[in-house]
Amino acid sequence: MQLGMIGLGRMGANMVRRLMRGGHHCVVFDVRPEQVQRLAVEGAVGVGSLDALIDGLSKPRVLWVMVPAGEATETVVEFLAKRLSPEDIVIDGGNSYFKDDVRRAKVLATKGLHYVDVGTSGGTWGLDRGYCLMIGGPAPVVKHLDPIWRTLAPGRGDIARTKGRDRLNGTAEEGYLHCGPTGAGHFVKMVHNGIEYGLMQAYAEGFDIFRHAGGKHLPEDMRYELNLPDIAEVWRRGSVVGSWLLDLTAAALVEQPHLDNFSGSVADSGEGRWTVMAAVEEGVQAEVLSAALYTRFRSRQDHTFAEKILSAMRYQFGGHVERPTGG
């Protein structure tokens, strides 16, 4: 298929590369010309403006918006709404708020345009591992885009099949899922990221306990100078707490056992807040996810080894660089 990609950051650029590997034709634009040129050398068609991107695509067009959630996405979608033709498809693959998806879809529908929201997980590793895709939008449009989803997703790989899964249909085993109507994709990704906060916080607190197990205030015969990189590694081998986040923690601790390059100031990108807000609206308890979010707020005032662990994990899976304290 032909696809226009708007935004060639850490994930957008690698998604284009994966799509091209799968035989898709990509026309690309970014506000940074050097990013466009880099992908043009690799086989994409690079353009210098959104107008040129639109003109370079055949109708009905498919445009994937991969820019930061919020004002940047809003600006791009508003521009596209004015320039696109009926039956064209706009995909928002960033981390937009699901309520914004519902609003945007209604506006675009008045112009005959289709809107699809895609929660995209995979970070900087997605080029080779593939991207987990959580999709929201009208079923016929989502089905039309199946070649795109199938190329970007990881596929079944060597993951053991869930018992009883052979009796069920669908694409979940391939790594992509039509979650429901407009907004459902980003809603599922929002909660996914909220859970991510909680999982990361649990690992971070556990390693912080290890870090202080040799404290002089403890009984001398109960002090332990523990090897954190080795603990992370042994947990990767058959432990029930094994996960990709643990893999990344192990890698970070091998590189820097004391995580000296991290201050422990941990950002939140919005999804954790929205998850807690959704829990409040639904009357659902979310103590762990709420506490994990509040810990990130506090981390910007004073820092513990636990927060360094969080910063290290975020850098490992997404290339996220710490913001200055108070940011």
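Chemist: What's the story with the overall build of the protein chain in this structure? I'm lost.
Modeler: For the protein chain, the count of helices and strands is 14 helices and eight strands. Whereas a compact globule of 327 residues would reach a radius of gyration of roughly 20 Å, the protein chain reaches 22 Å, a difference of no more than 12%. Dimensions of the protein chain, computed from C-alpha atoms along their principal axes, come out at roughly 75 × 50 × 40 Å. In the protein chain, of all internal contacts separated by at least 6 residues, the share reaching a separation of at least 24 is 69%. For the protein chain, the computed accessible surface area is about 16,200 Å², with 56% contributed by carbon and sulfur atoms. Of the side chains in the protein chain, 36 bear a positive and 39 a negative charge, and the two mean positions are spaced by 4 Å.

Chemist: I keep staring at the environment of Gly 238 and nothing clicks. Help me out?
Modeler: Inspection of the secondary structure puts Gly 238 in the loop between helix 10 (228-235) and helix 11 (244-255). Residue Gly 238 is classed as exposed on the basis of its relative accessible area of 76%. Residues Gly 238 and Gly 175, spaced 63 residues apart in sequence, show a C-alpha to C-alpha distance of 24 Å.

Chemist: Can you walk me through the nonpolar core in this structure?
Modeler: Within soluble globular proteins, side chains that are nonpolar tend to cluster in buried spots. Judged by nonpolar contacts, the single largest core of 31 residues is most densely connected at Met 5, Val 16, Val 28, Trp 64, Ile 91, Val 116 and Trp 149. No other element matches helix 1 (residues 10-21), which puts five residues into this core. Not counting residues within four places of it along the chain, the set of residues in contact with Val 116 comprises Ile 89, Val 90, Ile 91, Asp 92, Ile 135, Gly 136, Val 141, Val 142, Leu 145 and Trp 149. One finds Tyr 203, Ala 252, Leu 253 and Phe 317 within the second-largest nonpolar core, a separate group that totals 23 residues.

Chemist: Would you take a moment to explain the packing of aromatic side chains for this structure?
Modeler: Two descriptors summarise a pair of aromatic rings, namely the distance from one centre to the other and the angle between the planes of the rings. Under the counting rule described, the total for this entry stands at 10 aromatic pairs. Seen from their ring centres, Phe 210 and Trp 235 are 5.6 Å apart, and the 55° between their planes marks the pair as tilted. Placement of Phe 210 in helix 9 (residues 184-211) and of Trp 235 in helix 10 is noted, with a sequence separation of 25 residues between them. Relative accessible area serves as the criterion here: at 21%, Phe 210 is assigned to the partly exposed category. Under the relative-accessibility criterion, Trp 235 is labelled partly exposed at 25%. In this structure an aromatic cluster arises from ring pairing among Tyr 97, Phe 98, Phe 187 and Trp 274. Positioned above the aromatic ring of Phe 305, the side-chain terminus of Arg 211 is 4.9 Å from the ring centre.

Chemist: Any chance you could explain the packing of helix 11 against helix 14 (residues 305-318) here in plain terms?
Modeler: Between two packed helices, the angle of one axis relative to the other and the distance separating the axes together describe the packing. With their axes 9 Å apart at the nearest point, helix 11 and helix 14 run at an angle of 105° to one another. Considering the angle they form, helix 11 stands roughly perpendicular to helix 14. Counting all contacts with helix 11, which are made through Trp 244, Leu 245, Leu 248, Thr 249, Ala 251, Ala 252, Leu 253 and Glu 255, the residues of helix 14 involved are Phe 305, Ile 309, Ala 312, Met 313, Gln 316 and Phe 317. A breakdown of the residues in the contact of helix 11 with helix 14 according to their chemical character gives 11 nonpolar, two polar and one charged.

Chemist: I'm lost on empty space enclosed by the protein in this one. Help?
Modeler: The gaps of empty space that remain are located by a probe, the size of a water molecule, rolled over the atoms. Taken as a whole, this structure holds one cavity of 30 Å³ or more when the rule is applied. Taken together, the residues of the lining of the largest cavity break down into three nonpolar, three polar and three charged.

Chemist: What is the right way to look at the pattern of salt bridges in this model?
Modeler: Evaluation of the coordinates by the stated rule reveals 21 salt bridges. Note that Asp 128 and Arg 21 form a salt bridge whose closest N and O atoms lie 3.2 Å from each other. Of this pair, Asp 128 sits in helix 6 (residues 126-129) while Arg 21 sits in helix 1; the two residues are 107 residues apart in sequence, bridging distant segments of the chain. Here Glu 173 makes a salt bridge to Arg 156, at a shortest N to O gap of 3.5 Å.

Chemist: What is the right way to read the layout of surface pockets from this model?
Modeler: A volume near 180 Å³ is recorded for the second largest pocket. Of all elements in the fold, only helix 9 and helix 10 reach the threshold of two or more residues within the lining of the second largest pocket. Classifying every residue of the lining of the second largest pocket gives six nonpolar, four polar and two charged.

Chemist: In this structure, what is going on with helix 13 (residues 287-299)? I would like to understand it.
Modeler: Note that an α-helix has 3.6 residues per turn; residues three or four places apart therefore point the same way. A rise of 1.5 Å per residue sets the reference length of helix 13, with its 13 residues, at 18 Å; its end C-alpha atoms lie 18 Å apart and thus fit the reference within 8%. By the burial criterion, the buried members of helix 13 are Leu 289, Ser 290, Ala 292, Leu 293, Thr 295, Arg 296 and Ser 299. Buried residues along helix 13 sit in contact with helix 9, helix 12 (271-282) and helix 14.

Chemist: Just to check I follow, could you spell out the packing of helix 9 against helix 12 for this structure?
Modeler: At a closest axis distance of 8 Å, the pairing of helix 9 and helix 12 adopts a crossing angle of 105°. The angle between helix 9 and helix 12 places the two elements in the roughly perpendicular class. Here Phe 187, Met 190, Val 191, Asn 193, Gly 194 and Tyr 197 of helix 9 lie close against helix 12, whose contacting residues are Glu 271, Gly 272, Trp 274, Thr 275, Ala 278 and Glu 282. Each residue belonging to the contact of helix 9 with helix 12 can be placed in one class, and the counts come to six nonpolar, four polar and two charged.

Chemist: Looking at this structure, I do not really get a nonpolar patch on the surface. What am I missing?
Modeler: Together, Met 222, Tyr 224 and Leu 226 line one region of the surface with nonpolar side chains, adding up to about 300 Å² of accessible area. Note that Leu 226 resides in the loop between helix 9 and helix 10.

What counts and how
Every chain is numbered independently, its residues counted from 1 as its sequence is written. Selection of residues for local features in this predicted model requires a pLDDT of at least 70, selection of side-chain atom pairs for listing and counting requires 80 or more, and totals for whole chains, interfaces and linings are taken over all residues. For side-chain calculations, the full set of non-hydrogen atoms in the structure is used, while hydrogens and water are omitted. Helix and strand assignments follow DSSP, with helices taken as H or I runs no shorter than four residues and strands as E runs no shorter than two, numbered in order from the N terminus. Within these notes, the globule rule equals 2.2 Å times the number of residues to the 0.38 power, and the radius of gyration is based on C-alpha atoms. By the convention used here, residues are in contact when the closest approach between their heavy atoms is within 4.5 Å. Only the protein chains shown count as cover for residues, and all accessible areas are computed by the Shrake-Rupley method using a 1.4 Å probe. This count recognises Lys and Arg as positive and Asp and Glu as negative, with His and chain-terminal groups excluded. Here the site of a charge means NZ on Lys, CZ on Arg, CG on Asp, or CD on Glu. Any residue under 20% of the maximum accessible area for its type is buried, any over 50% is exposed, and the rest in between are partly exposed; the area is computed with a 1.4 Å probe on protein chains only. To form a nonpolar core, buried Ala, Val, Leu, Ile, Met, Phe, Trp, Tyr and Cys residues must be joined to one another through side-chain atoms within 4.5 Å. Only the six-membered ring of Trp is used, alongside the rings of Phe and Tyr, when aromatic pairs are assigned; centres must lie within 6.5 Å, and planes under 30 degrees apart are stacked while those over 60 apart are edge-to-face, with the rest tilted. Consider the ring centre and the ring normal. A charge sits over the ring if Lys NZ or Arg CZ is within 6 Å of that centre and within 35 degrees of that normal. In this analysis, axes come from line fits to C-alpha atoms, helices being fitted only over the stretch in contact, and the angle between any two N-to-C directions falls in the range 0 to 180 degrees. Any angle from 65 to 115 degrees is called roughly perpendicular, while one under 35 is roughly parallel, one over 145 is roughly antiparallel, and all others are oblique. In this count, Pro and Cys sit with the nonpolar residues alongside Ala, Val, Leu, Ile, Met, Phe, Trp and Tyr, while Asp, Glu, Lys and Arg are called charged and the others, Gly among them, polar. Whether a set of points on the 1 Å grid over the protein atoms alone is a cavity depends on a 1.4 Å probe fitting there but being unable to get out, while an open set qualifies as a pocket with protein on both sides within 12 Å along at least five of seven lines; lining residues are those with an atom within 4 Å of a point. Grid points are joined across faces, edges and corners, and a volume is the space filled by probe spheres set on the points. By definition here, a salt bridge exists when the distance from a side-chain nitrogen of Lys or Arg to a carboxyl oxygen of Asp or Glu is within 4 Å. Here the expected length of a helix is defined as 1.5 Å per residue gap, with one fewer gap than residues. Residues enter patches when their relative accessible area tops 30% and they take part in no salt bridge; the joining distance is 9 Å for like charges and 5 Å for the nonpolar side chains Val, Leu, Ile, Met, Phe, Trp and Tyr.

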